[in-house]
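The lines below spell out each chain.
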Amino acid sequence: PNYKMMKLSVLLVAAVWVHSTHCRRLSDDLDNDILGNPVGVGLGMISGRQRDWIRISQSPPQIVSRPLGSRIELECEAMGSPAPVMQWLKGNTPLTENESFETNAINDNPSHGIAKAKSRLVINSALTIHEGTFTCLAESGSQIASTKTELYVVRGGTSPRNFTQLLASEMLAARSPARIVLFNTIYLDNIGSDIALPCRAVGNP
């Protein structure tokens, strides 16, 4: 009987050790998955040990060439935790400081869950002053990701027109359809959390 009890005790200790090791590996795998594959939800989010991370999931073209006066849209998508804050820059200047652009979408009310956000930069009528390097900047907590686009505006064969002439010909005042420029396509958070879903649009009128 003593031999059987000793054997049973050894088996129980071994079973507990195997179970503990398996659970620890499972926890590590889930935490690694949330970093390597952000679509999943790992233990870091559920237990409150949230880690900041961000990645660009969809970039605009690296080079865009459009005729003078054409409508241009640059679309950028980022996924991260906390929910990404996004904005566009021309060179090193945020476009909110440049009134020649129709819109620059910024999510200035970020939430703490995992989100995939999409931002569109709209240029209603391309001018030569719009040429340059555009940067889509996405920020989640302490992490930052970015992607760049070179924009070229092609002059036509006729005599070039300046900004005043384009405005006089109502090219800049032309009607444009409504367009949503900032929204979340995916959002994950804990039950009971307060969330804010951004949605911004542009159009004329």
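The coordinates are above.
All of the points below concern the structure found in this document.

Thresholds applied
- Residues numbered from 1 in each chain as written.
- Predicted model: local features only at pLDDT ≥ 70, side-chain atom pairs only at ≥ 80, totals over all residues.
- Heavy atoms only, no water.
- Pairing = 2+ DSSP bridges.
- Helix = DSSP H or I, 4+ residues; strand = E, 2+ residues; numbered from the N terminus.
- Axes fitted to C-alpha atoms, helices over the stretch in contact; angles between N-to-C directions.
- Salt bridge = Lys/Arg side-chain N within 4 Å of Asp/Glu carboxyl O.
- Buried < 20%, exposed > 50% of the residue type's maximum accessible area, 1.4 Å probe, protein only.

**Points about the sheet that holds strand E8 (residues 143-154)**
The strands making up a sheet are joined through hydrogen bonds of the backbone, oriented either antiparallel or parallel. Here we have 5 strands laid out as an open sheet, ordered E2-E8-E7-E4-E5, and mixed in their pairing. At either end of the open sheet lies a strand with only one pairing partner, and these are strand E2 (63-67) and strand E5 (93-94). Of the pairings in the sheet, the one linking E2 to E8 comprises 5 bridges and is parallel in character. Within E8, the position partnered with Ser65 by the bridge is Tyr152.

**Concerning the environment of Phe134**
Mapped onto the elements of the fold, Phe134 is located in strand E7 (residues 132-140). Separated by 13 residues in sequence, Phe134 and Leu121 have C-alpha atoms that sit 9.6 Å apart.

**Structural notes on the sheet that holds strand E1 (residues 53-58)**
Ordered by their spatial adjacency, 5 strands build an open sheet running E1-E3-E6-E9-E10, and the pairing between neighbours is antiparallel. Unpaired on one side and paired on the other, E1 and strand E10 (199-204) mark the two borders of the sheet. Averaged over all adjacent pairs, the angle separating strand axes in this sheet is 20°, with direction ignored. As judged from the 5 bridges shared by E1 and strand E3 (residues 72-81), these two strands associate in the antiparallel manner. Its bridge partner lying in E3, Ile54 is registered against Gly80.

**Some words on unusual backbone geometry**
Across the chain, the bulk of peptide bonds are trans and the bulk of non-glycine residues have phi less than zero. Of note, the amide linkage connecting Ser81 to Pro82 takes the cis form, showing an omega dihedral of 0°. Following the sequence through the fold, Pro82 ends up in the loop between E3 and strand E4 (85-90).

**Remarks on the pattern of salt bridges**
In a structure, side chains of opposite charge can pair up when their charged atoms sit close to one another. Tallied over the entire structure, the rule returns 6 salt bridges. The salt bridge involving Glu75 is made with Arg120; its shortest N-O contact spans 2.5 Å. One end of the pair, Glu75, is in strand E3; the other, Arg120, is in strand E6 (residues 114-123), and 45 residues separate them in sequence. For Glu77, the salt bridge goes to Lys118, with nearest N and O atoms at 3.7 Å. Note that Glu77 is positioned in strand E3 and Lys118 in strand E6, a separation of 41 residues in sequence. On the accessibility criterion, Glu77 (8% relative accessible area) is buried. Assessed through its relative accessible area of 12%, Lys118 is described here as buried.

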